[in-house]
Amino acid sequence: MFNQQILPAVRSMKDFDLLLRTNYTYGVFLDMHVGMLKSVFQYAKQANKQMFLHMDLIHGLKSDEYATEYVCQEIKPYGIISTKGNVIIKAKQKGVYAIQRAFIIDSSAMEKSIKLVQKTEPHFIEVLPGVVPKVVQKLKQETGINIIAGGLIETVEEVDAILQAGACAITTSNVDLWKHFEPNY
């Protein structure tokens, strides 16, 4: 689906302004105040940007299925990211791309994440930390779902290694990596 290796993760309005001036089509909003949602998504749509919204990081809005329904109906993001299964299920019901975020810190977390993904059947899995190629390979093999890697990826070599391991994209707020991997259309 993505025609880009990097999904720029926006943490500030300065980063959002930078994203608007790039060739990237897809991006991710992190750490967003509920009062800013409508306006930033309007700007993104005007600039032909398809933005994912991390539901768990919206300040002033509880991350649950009710908030997800509201966001999907009123804000209309391209996709939703969450660690919560009920949020992923609701986003899918509303016709929005769903990314299940999974923190893989040990083998127990891996097993729990696989079970959750089998229940929610998201469109993508975002694995954190994303710097472990073995985790990317195992999750993809166990679930058959495309993997997005994020967290602690700091160098071009790390991006290349994770993509080589089978990730379809990398989420990062590292602007230097945005610039290095920016698509040329």
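Further up the page is the structure itself.
Draft legend 1. Broad picture of the overall build of the protein. Looking only at helices and strands, one finds eight helices and ten strands in the protein. The C-alpha radius of gyration of the protein comes to 15 Å, within 12% of the 16 Å expected for a compact globule of 185 residues. Dimensions of the protein, computed from C-alpha atoms along their principal axes, come out at roughly 40 × 40 × 25 Å. The buried share of the protein, reckoned over its 185 residues, is 48%. Total accessible area computed for the protein in this model is approximately 9000 Å², and 48% of it derives from carbon and sulfur atoms. Here the protein holds 20 positive side-chain charges and 19 negative ones, and the gap between their average locations is 6 Å.

Draft legend 2. Seen up close, the sheet that holds strand β7 (residues 97-103). Ordered in space as β1-β2-β4-β6-β7-β8-β9-β10, the eight strands form a closed barrel in which the pairing is parallel. Shown here is a sheet whose adjacent strand axes are inclined to one another by a mean of 25°, direction ignored. Here strand β1 (residues 6-10) pairs with strand β2 (residues 26-29) via two bridges, running parallel. Within β2, the residue paired with A9 across the bridge is V28. In this fold helix α7 (residues 156-164) packs onto β1, β9 (146-150) and β10 (169-172), with an angle of close to 140° to the strand it touches most, β10.

Draft legend 3. Representation of the environment of F41 in the model. You can see F41 is positioned in helix α2 (residues 37-46). Overall, the relative accessible area of 3% leaves F41 in the buried class. For the pair F41 and K62, spaced 21 residues apart in the sequence, the C-alpha separation amounts to 19 Å.

Draft legend 4. View of the pattern of salt bridges. If you walk through the whole model with that rule in mind, you get five salt bridges. The partner of R11 in a salt bridge is D31, with the nearest N and O atoms 2.8 Å apart. Of the two residues, R11 sits in the loop between β1 and α1 (13-20) while D31 sits in the loop between β2 and β3 (32-33), which places them 20 residues apart along the sequence. The salt bridge partner of K38 is E74, with a shortest N-O separation of 3.7 Å. Of this pair, K38 sits in helix α2 while E74 is found in helix α3 (residues 65-75), placing the two residues 36 residues apart along the sequence. Residue class for K38 comes out partly exposed when judged on its relative accessible area of 42%.

Draft legend 5. A look at α2. Listing the buried residues of α2 in full gives L37, V40, F41 and A44. Buried residues of α2, viewed axially, fall in a sector of 95°; they line one side. Residues of α2 that are exposed and point over 90 degrees away from its buried face: Q42 and Q46. Buried residues along α2 sit against α1, β2, β3, β4 (50-54), β5 (58-59) and α3. Downstream of α2 by one or two residues, N48 has phi in the positive range, about 60°.

Parameters and conventions
- Residues numbered from 1 in each chain as written.
- Predicted model: local features only at pLDDT ≥ 70, side-chain atom pairs only at ≥ 80, totals over all residues.
- Heavy atoms only, no water.
- Helix = DSSP H or I, 4+ residues; strand = E, 2+ residues; numbered from the N terminus.
- Rg over C-alpha atoms; globule rule 2.2 N^0.38 Å.
- Buried < 20%, exposed > 50% of the residue type's maximum accessible area, 1.4 Å probe, protein only.
- Areas by Shrake-Rupley, 256 points an atom, 1.4 Å probe, with all protein chains shown as cover.
- Lys, Arg positive; Asp, Glu negative; His and termini not counted.
- Charge placed at Lys NZ, Arg CZ, Asp CG, Glu CD.
- Pairing = 2+ DSSP bridges.
- Axes fitted to C-alpha atoms, helices over the stretch in contact; angles between N-to-C directions.
- Contact = heavy atoms within 4.5 Å.
- Salt bridge = Lys/Arg side-chain N within 4 Å of Asp/Glu carboxyl O.
- Arc of directions from axis to C-beta.

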